Amino acid sequence: MERAKVSTSVERSWPARLGLVAAWGWAILAGGGGIMLLIEKGPWPLTNGWFALASGVAAFPLTAWFADRAFGLVLSGRVRFAAAALIWIAGQIARRASL
């Protein structure tokens, strides 16, 4: 299967740049917040810190790069956004249910 060419940063449109900035922002915000929650509340029982950390990792642009390099799996921005959103929603459900 032939892969689509990835455009360079010079050729990217403003929505693509905005998406990249949003992905980095969410990775830093959610990932960093998740780590802080894990340090503050501890790793067990499952806290929403784990879900926040996983959401940040899902949105992290280098996760998509690594998946492509290691496994040949191309993850679009939409897929990463959907995964991050679903993980975040699962964390909110777990927090409200006190799991």
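The text that follows walks through the structure, step by step, so that each part is easy to find. (Residues numbered from 1 in each chain as written. Predicted model: local features only at pLDDT ≥ 70, side-chain atom pairs only at ≥ 80, totals over all residues. Heavy atoms only, no water.)

On to the packing of helix α2 (residues 48–59) against helix α4 (residues 77–97), then. Contact pair α2 / α4: the axes reach a minimum separation of 8 Å and the direction vectors enclose 175°. The pairing of α2 with α4 is recorded here as roughly antiparallel in orientation. Residues N48, F51, A54, S55, A58 and A59 of α2 lie in contact with α4, whose contacting residues are R80, A83, A84, I87, W88, A90, G91, A94 and R95. Split by residue class, the contact of α2 with α4 holds 10 nonpolar, three polar and two charged. (Axes fitted to C-alpha atoms, helices over the stretch in contact; angles between N-to-C directions. Helix = DSSP H or I, 4+ residues; strand = E, 2+ residues; numbered from the N terminus. Parallel < 35°, antiparallel > 145°, perpendicular 65-115°, else oblique. Contact = heavy atoms within 4.5 Å. Nonpolar A, V, L, I, M, F, W, Y, C, P; charged D, E, K, R; others polar.)

Let's shift gears to the side chain of S55. By the element assignment, S55 lies in helix α2. Non-local contacts of S55, meaning those with residues more than four positions away in its chain, are made with W26, A84, I87 and W88.

Attention now moves to helix α3 (residues 61–71). Among the residues of α3, those classed as buried are P61, A64 and A67. End-on view of α3: buried residues confined to an arc of 125°, all on one side of the axis. Of the surrounding elements, those touching the buried residues of α3 are α1 (14–41), α2 and α4. Where α3 terminates, the next one or two residues include G72, which has phi positive at roughly 70°. (Buried < 20%, exposed > 50% of the residue type's maximum accessible area, 1.4 Å probe, protein only. Arc of directions from axis to C-beta.)

Turning to a nonpolar patch on the surface, a few remarks are in order. Taken together, the side chains of L20, W24, I28, L62, W65, F66, F71 and L73 make up a nonpolar region of the molecular surface, amounting to roughly 860 Å² of accessible area. Put simply, the parts of the chain that give the nonpolar patch at least two residues each are α1 and α3. Among the elements that take part in the nonpolar patch, α3 stands out by supplying four residues, more than any other. Position of W24 relative to the elements: it lies in helix α1. We classify W24 as partly exposed; its relative accessible area is 34%. (Patch = residues over 30% accessible without salt bridge, like charges linked within 9 Å, V, L, I, M, F, W, Y side chains within 5 Å. Areas by Shrake-Rupley, 256 points an atom, 1.4 Å probe, with all protein chains shown as cover. Salt bridge = Lys/Arg side-chain N within 4 Å of Asp/Glu carboxyl O.)

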